[in-house]
Amino acid sequence: MPKPHVLIFLAPAVLVYTAVMIYPLFDTLRLALFAADGQERVYVGLANFRRLFLDPLWSDQFWNALGNNFWFFLIHMLVQNPIGVALAALLSSPRLRFAAAYRTAIFVPTILSFVIVGFAWKLILSPIWGIAPSLLDAVGLKSLFAPWLGKEAYALTTLALISVWQFVGIPMMLIYAALLSITEEILEAGEVDGITGMAAFWKIKLPLILPSIGIISILTFVGNFNAFDLIYAAQGALAGPDFSTDILGTFLYRTFFGFQLQLGDPYMGSAIASAMFGIILVGVCIYLFGIQRRLRHYQF
Amino acid sequence: MTALTLENVSKSFGKVEVLKDIDLTVEDGEFIVFVGPSGCGKSTLLRVIAGLEEATSGEVSIDGEKVNGIPPARRGIAMVFQSYALYPHLTVQDNMALGLKQDGAPKARVAEQVAKAARMLDLEPYLKRRPAELSGGQRQRVAIGRAIVRDPKLFLFDEPLSNLDAALRMNTRVEIAALHRTLKASMIYVTHDQIEAMTLADRIVVLRDGRIEQVGAPMDLYNDPANRFVAGFLGAPSMNFFERLPGTRAGEVLGVRPEYLRPEQGGRLRGTVTHVERLGGDTNLLVASDAGEGFAVRLFGQDPTRVGDDVAFDFDDARALRFDALGRRMR
Ligand SMILES: Nc1ncnc2c1ncn2[C@@H]1O[C@H](COP(=O)(O)OP(=O)(O)OP(=O)(O)O)[C@@H](O)[C@H]1O
Ligand SMILES: [Mg+2]
């Protein structure tokens, strides 16, 4: 049993955390077990989840959004994080001049609002007023242009790449910090061993920054499965064209608050929110218990 | 065959000239120690030899071949760093093997070299461990092992023992000396520690402010220093310098080592003891002389003298070294 003063010191944090995190979370999970019957709220057990996963009216949208979310995440993992690592490796090269300027320039989009980013890219890529068609035209590649945000086949990938553009600064900064913490003498020992340039990156630096890459991956996972704002700002709550950019966040928004002709249903919304919570929880657990344990943190 | 030749080597960082016109020849199999005060350029000189820094001017040759502009891995050297600089993510075995593997050496040869080094350094029980799971002394041995497997023509050590405690230092020093006898390779060793310098070196190179002050066998430097700096740098407690003794001319300085002073009633050096260090085997006294020049005395065995005692000492003139006003030795 801890001493009383320990409890007193812990109390404020516990109370605040409970009020703003624990209570809403459990209330959402609880709400997912009810449904509206006229004005009444009735307990329906897991019926909401059964509808969500099995009733085609809901499940088509749910699996579509989930699949899109995985694609969104995959693009971030395959594009954002490798580019972030590569940029960090370039920035940490002692021979690079103006490194601070590049670092700032690459990081700036991260602090921009989604609304601005979504709107700006919509303008850039617009087939009518956008500068993308004319820029491509100027280099003779106009035939490559397509209304990327308007085509079902490209829209989600395009949005994912916009998000990559916005957030690549974060993995870059984390990896950059990790690279700077590798002691100079270890790299010099490598140099004496003939391990320089790319070999030094693959054989010495990369293994030493793996823990940071793991952290970035899990941050990306959580961020992507909670994403909503960019899609909403660029494509609206219907996540067009024809739901091709719909992810769990936008699906939840439409369901919970209602949109246009669709009425809001807080109970189904809670069920979706609970499902998202479950997915993220599983992902984080896989990382914590499956991956992070194998990654060693090294002190120098 | 000469293991290393430096000709007029200079090194500047921007405007700061750190090494000035260094000339040095190291014979095959020699153990050379660089000593000098902190910041005098010992590490820089070692790094220029290793190729981690390029000389601003001058020529570096290893084993008769000019190596300016050649990367460290192809100079035939191996280096042991002060912080060990082991690869934290690799086991002891892989730490030692990485350089050879990078060279594309056949597997059998890598295994053989690693096994040989492990045997020589008693590292066999630890081959599967990572550096974090080793003690400081074991890490140091791995760092030395990593150097040995490459069969270098020239070993470079930068203060390899300075992170070890006193007892381990002594042991490792003996091991390095044994290693030098076994491998018969040329070694260059940087240290702050006089005892390491005196006990390990075939020849000592004394550096000051980026210049070589003197090169010679330890006892030659000790008995016959070329100038006041070298005389004062080697020996603990360091040499006493007197300017105001009867018989010294103006501008002339007389140097006498603390162990050459002997108690003598009515001797030339009189004063009051201000501090006594009893080391068991020796007793060191610090004395404030009546002439205003403090000096140290080293007495063999245990001595009953106490702080505040009035004492008198004298020395053989043959034991005294004379220096001019600029610190040069007068013979
Ligand atoms: N990369 C560098 N850039 C600028 N100056 C440097 C650099 N490396 C060393 N110096 C300077 O060169 C001088 C010699 O440094 P060096 O490290 O060779 O000294 P040292 O004799 O090894 O000293 P210590 O005994 O403290 O290790 C110092 O004045 C140091 O400030
Ligand atoms: Mg140094």
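Note that the coordinates shown come from a computational prediction; the quantities given were computed from them, not determined experimentally.

**Regarding the pattern of salt bridges**
Part 1 of the argument: In the structure shown here, the tally under the stated rule is 22 salt bridges over all chains.
Part 2 of the argument: Ionic pairing is found between arginine 331 of chain B and aspartate 224 of chain B, a salt bridge with its closest N-O pair at 2.7 Å. Within this pair, whereas arginine 331 of chain B is found in the segment after strand 19 (329-330), its partner aspartate 224 of chain B is found in the loop between helix 7 (218-223) and helix 8 (228-233), the two being separated by 107 residues in sequence.
Part 3 of the argument: Given a relative accessible area of 33%, aspartate 224 of chain B falls into the partly exposed group.
Part 4 of the argument: Residues participating in the shared-partner salt-bridge network are Glu188 of chain A together with Lys11, Arg47 and Glu53 of chain B.

**Topic: the sheet that holds strand 2 (residues 16-27) of chain B**
Residues and elements named next belong to chain B.
Part 1 of the argument: Ordered by their spatial adjacency, four strands build an open sheet running 2-1-4-5, and the pairing between neighbours is antiparallel. Looking at the sheet topology across the chains shown, the edges are occupied by strand 2 and strand 5 (65-66).
Part 2 of the argument: Summarising the sheet, strand 4 (residues 57-62) and strand 5 pair through two bridges and their orientation is antiparallel. Paired with serine 61 across the bridge in strand 5 is lysine 66.
Part 3 of the argument: Packing of helix 1 (residues 42-50) onto the sheet brings it into contact with strand 1 (2-13), strand 2 and strand 4, and relative to strand 1 it is tilted by some 120°.

**Quick notes on the site of ligand 1**
Residues and elements named next belong to chain B.
Part 1 of the argument: Around ligand 1, the surrounding shell consists of Phe13, Val18, Ser38, Gly39, Cys40, Gly41, Lys42, Ser43, Thr44, Glu159 and His192.
Part 2 of the argument: The contact in question runs from an oxygen atom of ligand 1 to an N or O atom on the side chain of lysine 42, over 2.7 Å.
Part 3 of the argument: When isolated, ligand 1 has an accessible area of 630 Å², and the protein chains bury 58% of it.
Part 4 of the argument: Counting residues per element, the shell around ligand 1 draws most heavily on helix 1, at three residues.
Part 5 of the argument: For the shell around ligand 1, the residue count by class is three nonpolar, six polar and two charged.

**Some thoughts on the UniProt feature "transmembrane region" (unreviewed entry) in chain A**
Residues and elements named next belong to chain A.
Part 1 of the argument: Using the residue numbers shown here, the UniProt feature "transmembrane region" (unreviewed entry) corresponds to residues 7-26, 70-92, 104-124, 153-179, 208-228 and 267-290.
Part 2 of the argument: With 96% helix and 0% strand, residues 70-92 has its two end C-alpha atoms placed 32 Å apart.
Part 3 of the argument: Structurally, residues 104-124 comprises 71% helix and 0% strand, and the distance from its first C-alpha atom to its last is 22 Å.

**Comments concerning the sheet that holds strand 16 (residues 295-300) of chain B**
All names here are of chain B.
Part 1 of the argument: Read from one edge of the open sheet, five strands run 13-17-14-15-16, paired in antiparallel fashion. Strands at the two margins of the open sheet, each flanked by one partner only, are strand 13 (262-263) and strand 16.
Part 2 of the argument: Examined bridge by bridge, strand 14 (residues 269-278) and strand 15 (residues 282-289) share seven bridges and lie antiparallel to one another. Paired with histidine 275 across the two strands is leucine 286, which belongs to strand 15.

**So, the packing of aromatic side chains**
The geometry of an aromatic ring pair comes down to the distance between the two centres and the angle between the two planes.
Part 1 of the argument: Inspection of the entire model under this criterion finds 26 aromatic pairs over all chains.
Part 2 of the argument: Consider the rings of tyrosine 232 of chain A and tyrosine 253 of chain A, whose centres lie 5.1 Å apart with planes at 55°: the pair is tilted. With tyrosine 232 of chain A in helix 11 (residues 229-235) and tyrosine 253 of chain A in helix 12 (residues 248-257), the pair connects residues that are 21 residues apart, well separated along the chain.
Part 3 of the argument: Its relative accessible area of 33% is what places tyrosine 232 of chain A among the partly exposed residues.
Part 4 of the argument: By relative accessible area, which is 23% here, tyrosine 253 of chain A ends up partly exposed.
Part 5 of the argument: For the pair phenylalanine 229 of chain B and phenylalanine 233 of chain B, a centre-to-centre distance of 5.7 Å together with 25° between the ring planes defines the contact as stacked. Pair noted here: phenylalanine 229 of chain B and phenylalanine 233 of chain B are both in helix 8, with a separation of four residues, about one helical turn.
Part 6 of the argument: Feature note: the residues Phe228, Tyr232, Tyr253, Phe256 and Phe257 of chain A constitute an aromatic cluster, connected by ring pairs.
Part 7 of the argument: Over the face of the ring belonging to phenylalanine 34 of chain A we find arginine 41 of chain A, whose NZ or CZ atom lies 5.4 Å from the ring centre.
Part 8 of the argument: A cation over a ring is seen here: arginine 268 of chain B above phenylalanine 315 of chain B, with NZ or CZ 4.2 Å from the ring centre.

**Focus: the UniProt feature "domain: ABC transporter" (unreviewed entry) in chain B**
Part 1 of the argument: The UniProt feature table records "domain: ABC transporter" (unreviewed entry) at residues 4-234 of chain B.
Part 2 of the argument: Span residues 4-234 of chain B is 37% helix and 26% strand, its end C-alpha atoms 25 Å apart.

**Quick look at the side chain of threonine 220 of chain A**
Part 1 of the argument: Its location among the elements puts threonine 220 of chain A in helix 10 (residues 197-225).
Part 2 of the argument: Sequence-distant contacts of threonine 220 of chain A, defined by excluding residues within four places in its chain, comprise Phe73, His76, Met77, Gln80 and Asn81 of chain A.

**Description of the interface of chain A and chain B**
Part 1 of the argument: If you look at the interface, chain A gives 19 residues, while chain B gives 23 residues.
Part 2 of the argument: The largest per-residue losses of area from chain A upon contact with chain B belong to Glu185, Val192 and Asp193 of chain A, which jointly make up 35% of the total buried on that side.
Part 3 of the argument: In this assembly, chain A and chain B are joined by two salt bridges.
Part 4 of the argument: On the surface where chain A and chain B come into contact, there are nine residue pairs in polar contact (both at pLDDT 80 or more).
Part 5 of the argument: Where the side of chain A that touches chain B is concerned, the elements lending two or more residues are helix 9 (184-192) and helix 10 of chain A.
Part 6 of the argument: Split by residue class, the side of chain A that touches chain B holds ten nonpolar, three polar and six charged.

**Here we look at the environment of alanine 318 of chain B**
All names here are of chain B.
Part 1 of the argument: Locating alanine 318 in the fold gives a position in the loop between strand 17 (310-314) and strand 18 (321-323).
Part 2 of the argument: Looking at alanine 318, the relative accessible area reads 79%, which means it is exposed.
Part 3 of the argument: In this structure, the C-alpha to C-alpha distance between alanine 318 and isoleucine 204, residues 114 residues apart in sequence, is 25 Å.

**Observations concerning helix 3 (residues 56-91) of chain A**
Part 1 of the argument: Given a rise of 1.5 Å per residue, 36 residues ought to cover 52 Å, and the 50 Å separating the end C-alpha atoms of helix 3 of chain A matches this to within 8%.
Part 2 of the argument: The largest bend along helix 3 of chain A reaches roughly 30° and is located at histidine 76 of chain A.

**What about the domain arrangement of chain B?**
Residue and element names in this part refer to chain B.
Part 1 of the argument: For chain B, the assigned domains read domain 1 (2-229) and domain 2 (238-330).
Part 2 of the argument: Just the C-alpha atoms count here: the centres of domain 1 and domain 2 sit 37 Å apart.
Part 3 of the argument: Between domain 1 and domain 2, the contact holds seven residues from the first and eleven residues from the second.
Part 4 of the argument: Between domain 1 and domain 2 the total buried area reaches about 770 Å² when both faces are included, carbon and sulfur atoms providing 46% of it.
Part 5 of the argument: The largest contributions to the domain 1 side of the interface with domain 2 come from Tyr222, Pro225 and Arg228, which together make up 74% of the buried area.
Part 6 of the argument: Our count for the domain 1 to domain 2 interface comes out at one salt bridge.
Part 7 of the argument: Of the charged contacts, one joins arginine 329 and aspartate 224 as a salt bridge, the two residues approaching to 2.7 Å between their closest N and O atoms.
Part 8 of the argument: Counting across the interface, domain 1 meets domain 2 through six residue pairs in polar contact (both at pLDDT 80 or more).
Part 9 of the argument: Across the side of domain 1 that touches domain 2, the residue classes break down as three nonpolar, two polar and two charged.

How each quantity is defined
- Residues numbered from 1 in each chain as written.
- Chains lettered and ligands numbered in written order.
- Predicted model: local features only at pLDDT ≥ 70, side-chain atom pairs only at ≥ 80, totals over all residues.
- Heavy atoms only, no water.
- Salt bridge = Lys/Arg side-chain N within 4 Å of Asp/Glu carboxyl O.
- Helix = DSSP H or I, 4+ residues; strand = E, 2+ residues; numbered from the N terminus.
- Buried < 20%, exposed > 50% of the residue type's maximum accessible area, 1.4 Å probe, protein only.
- Pairing = 2+ DSSP bridges.
- Contact = heavy atoms within 4.5 Å.
- Axes fitted to C-alpha atoms, helices over the stretch in contact; angles between N-to-C directions.
- Near = heavy atom within 4 Å.
- Polar contact = N/O pair within 3.5 Å; in protein donor to acceptor, adjacent residues only side chain to side chain.
- Areas by Shrake-Rupley, 256 points an atom, 1.4 Å probe, with all protein chains shown as cover.
- Nonpolar A, V, L, I, M, F, W, Y, C, P; charged D, E, K, R; others polar.
- UniProt positions renumbered as here; feature names shortened; annotations may be inferred.
- Phe/Tyr/Trp six-rings, centres within 6.5 Å; stacked < 30°, edge-to-face > 60°.
- Lys NZ or Arg CZ within 6 Å of the ring centre and 35° of its normal.
- Buried area = accessible area lost by both parts, 1.4 Å probe.
- Expected span 1.5 Å × (residues − 1).
- Bend = angle between axes of the 7 residues up to and from the residue.
- Domains from an automatic or database assignment.

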